[in-house]
Amino acid sequence: MKFLRMAVKIVLLTLWSIVLMPVAACSFIGLSKWARVRRGAAWAQVWARGAAKIAGVVTAVHGNIPENRGALLVSNHLGYLDILAHACNFKIRFTPNDGIKKWFFVGQLVALGCPVWIDRRNRRKAAVYAKTFQETMDNGVSLLVYPEGTTTDGRHGMLPFKSTVFADIPANRPIVPMVLFYQETPEDAGSAAWYDDTPFGKHAMRVLGMKRIRIDLYVLPEMFARPGEERKELAARVRNVMLEEYSSHVK
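This is a predicted model, so every value here is computed, not measured.

Enquirer: What exactly am I supposed to notice about the overall build of the chain here?
Expert: Along the chain, the regular secondary structure elements total 7 helices and 6 strands. For the chain, the α and β elements follow one another from N to C terminus as α-α-β-β-α-β-α-α-β-β-α-β-α. Taking the principal axes of its C-alpha atoms as reference, the chain extends roughly 60 × 50 × 35 Å. Relative to its full complement of 251 residues, the chain shows a buried share of 50%.

Enquirer: What am I meant to see in the pattern of salt bridges here?
Expert: Two side chains carrying opposite charge are able to pair once their charged atoms lie near each other. This structure, assessed with the given rule, holds 4 salt bridges. Between E135 and K131 there is a salt bridge, with the nearest N and O atoms lying 2.6 Å from each other. Here E135 pairs with K131, and both are found in helix α5 (residues 126-138), just 4 residues apart, close to one helical turn. Given a relative accessible area of 25%, E135 falls into the partly exposed group. Using a relative accessible area of 53% as the deciding quantity, one classes K131 as exposed. Notably, a salt bridge pairs D138 with R173, separated by 2.6 Å at the nearest N-O pair. In this pair, D138 is assigned in helix α5 and R173 in the loop between β4 (142-145) and β5 (175-184), connecting sequence segments 35 residues apart.

What counts as what
Residues numbered from 1 in each chain as written. Predicted model: local features only at pLDDT ≥ 70, side-chain atom pairs only at ≥ 80, totals over all residues. Heavy atoms only, no water. Helix = DSSP H or I, 4+ residues; strand = E, 2+ residues; numbered from the N terminus. Buried < 20%, exposed > 50% of the residue type's maximum accessible area, 1.4 Å probe, protein only. Salt bridge = Lys/Arg side-chain N within 4 Å of Asp/Glu carboxyl O.

Here it is in structure tokens:
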């Protein structure tokens, strides 16, 4: 049964993506750089909502989704399903690892969202990324970051935050902390988070074989940088707020 479910989902996801990609690509023609980025964020949401429905991923949002554009959205990171949970509820620009560009089909699909590709091996580009982040938000596009830098199992705490993204945040820039958790069915418990060395393809097949995955997304009150606050201080303050919420849901 799981194999059949997985096969049907793969076919439907592939068809959904194939139909959407050329339509999205054509919609970019003649647009300015930032109009393309805004359109990319909108298309990412359209794709994510369809993909989540096909994959059986349901997101329960706790808290209020802010309406402001140009916010910095900060979340813990459990795996690629996070993208569905966030994109279904926010029009955002993602910051994926640039290695994904080389993935067959997936790389082209992600590129349609006009992401900021991040080379995590090259620290010299940190200033360039920080400038791009600020320009993105200045142009009314919310930016999603996973400052842990990698994924965890969602059960044993959060990793320290990398503070680059918190540099030079204006005092009026909303920072929206979020914490998410996966709730699988008992037979699939512990399988949806992608935090170990399991190859992506193998893990994705396992996830697509699941009947339903619920993601609880806790949206916390907006925060703002304090005058004179250093990036590491701001990163630690945001992390502490998120960790308090995280700890209240982990036994």
